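Listed below are the residues making up each chain.
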Amino acid sequence: MFNYKVTVQYDGTKYSGWQSQGNTQNTIQCKLETVLSRMLDKKTEIFGAGRTDAGVHAKAQVFNFKSEIKLDEDAFMADMNGFLPEDIAVIGIEEAPERFHARFNAKGKTYVYRLWTGDKPDVFLRKYVYAFPQSIDINKMRSAARLMIGKHDFLAFSSAKAGKKSTVREIYSIEIMEEGDEVRIILHGNGFLYNMARIISGTLAQIGCGAIDEGSILKAFETGSRSFAGVTLPACGLVLEKVDY
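Draft legend 1. Structural detail: the layout of surface pockets. What the largest pocket holds in volume is close to 1,200 Å³. Around the largest pocket, the lining comprises 39 residues; the ones closest to its centre are Gly50, Arg51, Arg103, Phe192 and Tyr194. Broken down by secondary-structure element, the contributors of at least two residues to the lining of the largest pocket are strand 2 (47-48), strand 5 (108-116), strand 8 (168-179) and helix 4 (196-208). It is helix 4 that provides the largest number of residues to the lining of the largest pocket, a total of three residues. In the lining of the largest pocket, the residues fall into 15 nonpolar, 15 polar and nine charged.

Okay, structure coming up:
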């Protein structure tokens, strides 16, 4: 049995997220599994590095799958792209060790959230940025972001419910960059809970425009209460930039 690591990018605008769901076939995973099953003439399951939400994009999502036959990787990738819709593209495929698992072997992920603070987004960027036409204090955002660096219980910064699974995650870095009317929040961590990247970004955006203060972050960590964290920003502005191995 051969194990293959695949890197894929997608525009998530019209999809119901990455993960297969019982009530819809309109997910990235379903599209990929359908194509792979057709090409390998066998029902084929894939294992993704993470589960991006409905509407979230990816520049370099990673998954792995098993094949009973050894593949010509370049030819197989070209064939896959011929079957996939235009908003999903395989950009790399390589044979991986037998025990490689895209999710369990991942060491970190980088997400980027893009805010547009001008009056109206560039027409060609409108599906990939969130219109946030407010004055933002970048220094306040950077100061607040420092409070999130390190290992914390991020329950308050997610839509996850308290339970048996740990909600502790480690944020390695948060960069905030401003270029013209666009502000980018770059999050690098060992893993992210459901909606965590969008809520962290929403918290920093609200601190930047003065809607809440950075003390809310400490209260959120202390209490685990979602009420102290900021809003969940829309999916359109978020992209999975990279997965580390």
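Having put the structure on the table, let's press on.
Draft legend 2. Structural view of the packing of aromatic side chains. What the rule picks out here adds up to 11 aromatic pairs. Here the aromatic rings of Tyr111 and Phe192 are separated by 5.1 Å at their centres, their planes lie at 75°, and the arrangement is edge-to-face. Of this pair, Tyr111 sits in strand 5 while Phe192 sits in the loop between strand 9 (182-189) and helix 4, and the two are 81 residues apart along the sequence. In this structure, Tyr111 and Phe192 share a single accessibility class: buried. Seen from their ring centres, Tyr130 and Phe132 are 6.3 Å apart, and the 45° between their planes marks the pair as tilted. Of the residues examined, Phe132 reaches a relative accessible area of 8% and is grouped as buried. Taken together, the aromatic side chains of Tyr4, Tyr10, Trp18, Phe63, Phe65 and Phe76 make up a single cluster linked through ring pairs.

Draft legend 3. Geometry of unusual backbone geometry. Of note, Asp41 is a non-glycine position whose phi angle comes to about 55°, a positive value. One can find Asp41 in the loop between helix 1 (28-40) and strand 2. Relative accessible area serves as the criterion here: at 72%, Asp41 is assigned to the exposed category. A positive phi angle is found at Asn195, which is not glycine, with a value near 70°. Counting through the fold element by element, Asn195 comes out in the loop between strand 9 and helix 4.

What counts, and at which threshold
- Residues numbered from 1 in each chain as written.
- Predicted model: local features only at pLDDT ≥ 70, side-chain atom pairs only at ≥ 80, totals over all residues.
- Heavy atoms only, no water.
- 1 Å grid on protein atoms, 1.4 Å probe; cavity = no way out; pocket = protein on both sides within 12 Å on 5 of 7 lines; lining within 4 Å.
- Points joined across faces, edges and corners; volume = space filled by probe spheres on them.
- Helix = DSSP H or I, 4+ residues; strand = E, 2+ residues; numbered from the N terminus.
- Nonpolar A, V, L, I, M, F, W, Y, C, P; charged D, E, K, R; others polar.
- Phe/Tyr/Trp six-rings, centres within 6.5 Å; stacked < 30°, edge-to-face > 60°.
- Buried < 20%, exposed > 50% of the residue type's maximum accessible area, 1.4 Å probe, protein only.

Interpretation in functional terms is not warranted from these geometric data alone.
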